[in-house]
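One-letter residues, chain by chain:
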Amino acid sequence: MVLSASDKSHVKAVFSKIGGQAEEYGSETLERMFAAYPQTKTYFPHFDLGKGSAHVKAHGKKVAAALVEAANHIDDIAGALSKLSDLHAQKLRVDPVNFKLLGQCFLVVVASHQPALLTPEVHASLDKFLCAVGTVLTAKYR
Amino acid sequence: MVHWSAEEKQLIAGLWAKVNVEECGAEALARLLIVYPWTQRFFASFGNLSGPTAIVGNPKVRAHGKKVLTSFGDAIKNLDNLKVTYSKLSELHCDKLHVDPENFRLLGDILIIVLAAHFTKDFTPTCQATWQKLVGVVAHALAHKYH
């Protein structure tokens, strides 16, 4: 799956619009993921996952920063996320199915905060982008 | 059998009461065909699906979207009896339509995003969680008679 020029431009536009709220979107994405897909909590036994958790806020910020980084280097996501990819392969080993769940929740956050932004075309591009990120992060698993 | 708490039933019924089935159904199906273009394989008879604008404006897509979401409404009315309610529909999707059940999951996820865009902050994490459970259960019921 390849990101076309228009996919890239849609993704950049989304992250440009999100701007400084990326951190907040990141935390809300995690909050939604833990609520909708409780099995994802198994990767965070060391976190307080209660409402307003500082752990979730901090981690949401990291997740958002990675997505922003990928969007800013959209021509070479593998390069931009190489270290993160190593981390997921060697240490975190999050089962690949979970990246789709995170992606779904991120789309829901964007949809609920910026419905006008998420036209069908932008939705398609963002979904592709999130898949690409997941693919990069699991690329070195075996 | 799936258990639904009183809160979950309320979150489902409460939101559903405000859904415009025709609009929402049309949008969900159109987005399915746009975001996951391989799903167009089931709709060769629908005419022009050449791009997002064509798909969104296609009257057959709109009509079929309404049909699909109306059926979803039947599921909501029969939450405690879903497998039986969807028994014939499941057989149809397997034997006549030959639809891979993965497509039900894809449509379910798209529906969630359409609802999120429509209801914005009212589509809380708890609300989403309930609806993700619902679309999962509906997809499972539709796949139940596959053989």
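Bear in mind that the values here come from a model prediction, so they are computed numbers and not experimental data.

**Considerations on the interface of chain B and chain A**
Thinking step 1. Taken together, the contact between chain B and chain A spans 21 residues of the former and 20 residues of the latter.
Thinking step 2. Contact with chain A buries area across many residues of chain B, yet R31, I113 and P125 of chain B alone supply 31% of it, more than any other trio.
Thinking step 3. Along the contact surface separating chain B from chain A lie one salt bridge.
Thinking step 4. With a closest N to O distance of 3.8 Å, K100 of chain A and D109 of chain B form a salt bridge.
Thinking step 5. Here chain B and chain A share nine residue pairs in polar contact (both at pLDDT 80 or more) between them.
Thinking step 6. Of all the elements in the fold, those that place two or more residues in the side of chain B that touches chain A are α2 (21–35), α3 (52–57), α7 (102–119) and α8 (125–143) of chain B.
Thinking step 7. In terms of residue count, the dominant contributor to the side of chain B that touches chain A is α7 of chain B (seven residues).
Thinking step 8. Class assignment of the residues belonging to the side of chain B that touches chain A gives a composition of 14 nonpolar, four polar and three charged.

**Looking at unusual backbone geometry**
Thinking step 1. Its identity as a non-glycine residue notwithstanding, R93 of chain A has a phi of 45 degrees, on the positive side.
Thinking step 2. Its place among the elements puts R93 of chain A in the loop between α5 (82–92) and α6 (97–113).
Thinking step 3. Judged by its relative accessible area of 56%, R93 of chain A falls in the exposed class.
Thinking step 4. Backbone geometry places H98 of chain B, a non-glycine residue, at a positive phi of 55 degrees.
Thinking step 5. Here H98 of chain B is to be found in the loop between α6 (87–96) and α7.

**With respect to the packing of aromatic side chains**
Thinking step 1. Enumeration over the complete set of coordinates arrives at 10 aromatic pairs over all chains.
Thinking step 2. Taking the centre distance of 6.3 Å and the plane angle of 80 degrees together, the rings of F104 of chain B and Y146 of chain B count as edge-to-face. Residue F104 of chain B is found in helix α7, and its partner Y146 of chain B is found in the segment after α8; the two are separated by 42 residues along the sequence.
Thinking step 3. The exposure class of F104 of chain B is buried, given its relative accessible area of 11%.
Thinking step 4. Classification of Y146 of chain B as partly exposed rests on a relative accessible area of 24%.
Thinking step 5. A connected cluster of aromatic rings, assembled from ring pairs, spans F15, F106 and F129 of chain A.
Thinking step 6. Sitting above the plane of the F42 of chain B ring, R41 of chain B keeps its charged end 4.9 Å from the centroid.
Thinking step 7. If you follow K133 of chain B out to its NZ or CZ, it ends over the ring of W4 of chain B, 4.6 Å from the centre.

**What to know about the state of the cysteines**
Thinking step 1. The tally for this structure, following the rule as stated, stands at zero disulfides over all chains.
Thinking step 2. A disulfide-free cysteine, C105 of chain A has its sulfur positioned 13 Å from the sulfur of C127 of chain B, the nearest such atom.
Thinking step 3. Classification of C105 of chain A by relative accessible area gives buried; the value is 0%.

**Structural notes on the UniProt feature "domain: Globin" (unreviewed entry) in chain A**
Thinking step 1. Here the UniProt-annotated "domain: Globin" (unreviewed entry) positions come out as residues 2–142 of chain A.
Thinking step 2. Annotation note: span residues 2–142 of chain A, helix share 70%, strand share 0%, distance between end C-alpha atoms 22 Å.

**Some thoughts on the nonpolar core**
Thinking step 1. In this structure, I77, L126 and F129 of chain A together with F72, F123 and W131 of chain B are the most contacted members of the largest nonpolar core, which totals 80 residues.
Thinking step 2. No other element matches the 10 residues that α7 of chain B contributes to this core.
Thinking step 3. Leave out the neighbours within four places in its chain, and L126 of chain A touches V11, V14, F15, F106, L107, V110 and L118 of chain A.

**Quick look at the pattern of salt bridges**
Thinking step 1. As enumerated under the stated definition, the model contains 14 salt bridges over all chains in all.
Thinking step 2. When the shortest N-O distance is used, the salt bridge between K128 of chain A and D7 of chain A registers 2.6 Å. One end of the pair, K128 of chain A, is in helix α7 (residues 120–138); the other, D7 of chain A, is in helix α1 (residues 5–18), and 121 residues separate them in sequence.
Thinking step 3. Measuring nitrogen to oxygen at the nearest pair gives 3.1 Å for the salt bridge that ties D80 of chain B to K9 of chain B. Here the residue D80 of chain B occupies a position in the loop between α4 (59–77) and α5 (82–85), and K9 of chain B occupies one in helix α1 (residues 6–16), the gap between them amounting to 71 residues.

Definitions and limits used
Residues numbered from 1 in each chain as written. Chains lettered and ligands numbered in written order. Predicted model: local features only at pLDDT ≥ 70, side-chain atom pairs only at ≥ 80, totals over all residues. Heavy atoms only, no water. Contact = heavy atoms within 4.5 Å. Buried area = accessible area lost by both parts, 1.4 Å probe. Salt bridge = Lys/Arg side-chain N within 4 Å of Asp/Glu carboxyl O. Polar contact = N/O pair within 3.5 Å; in protein donor to acceptor, adjacent residues only side chain to side chain. Helix = DSSP H or I, 4+ residues; strand = E, 2+ residues; numbered from the N terminus. Nonpolar A, V, L, I, M, F, W, Y, C, P; charged D, E, K, R; others polar. Buried < 20%, exposed > 50% of the residue type's maximum accessible area, 1.4 Å probe, protein only. Phe/Tyr/Trp six-rings, centres within 6.5 Å; stacked < 30°, edge-to-face > 60°. Lys NZ or Arg CZ within 6 Å of the ring centre and 35° of its normal. Disulfide = S-S within 2.5 Å. UniProt positions renumbered as here; feature names shortened; annotations may be inferred. Core = buried A, V, L, I, M, F, W, Y, C linked by side-chain atoms within 4.5 Å.

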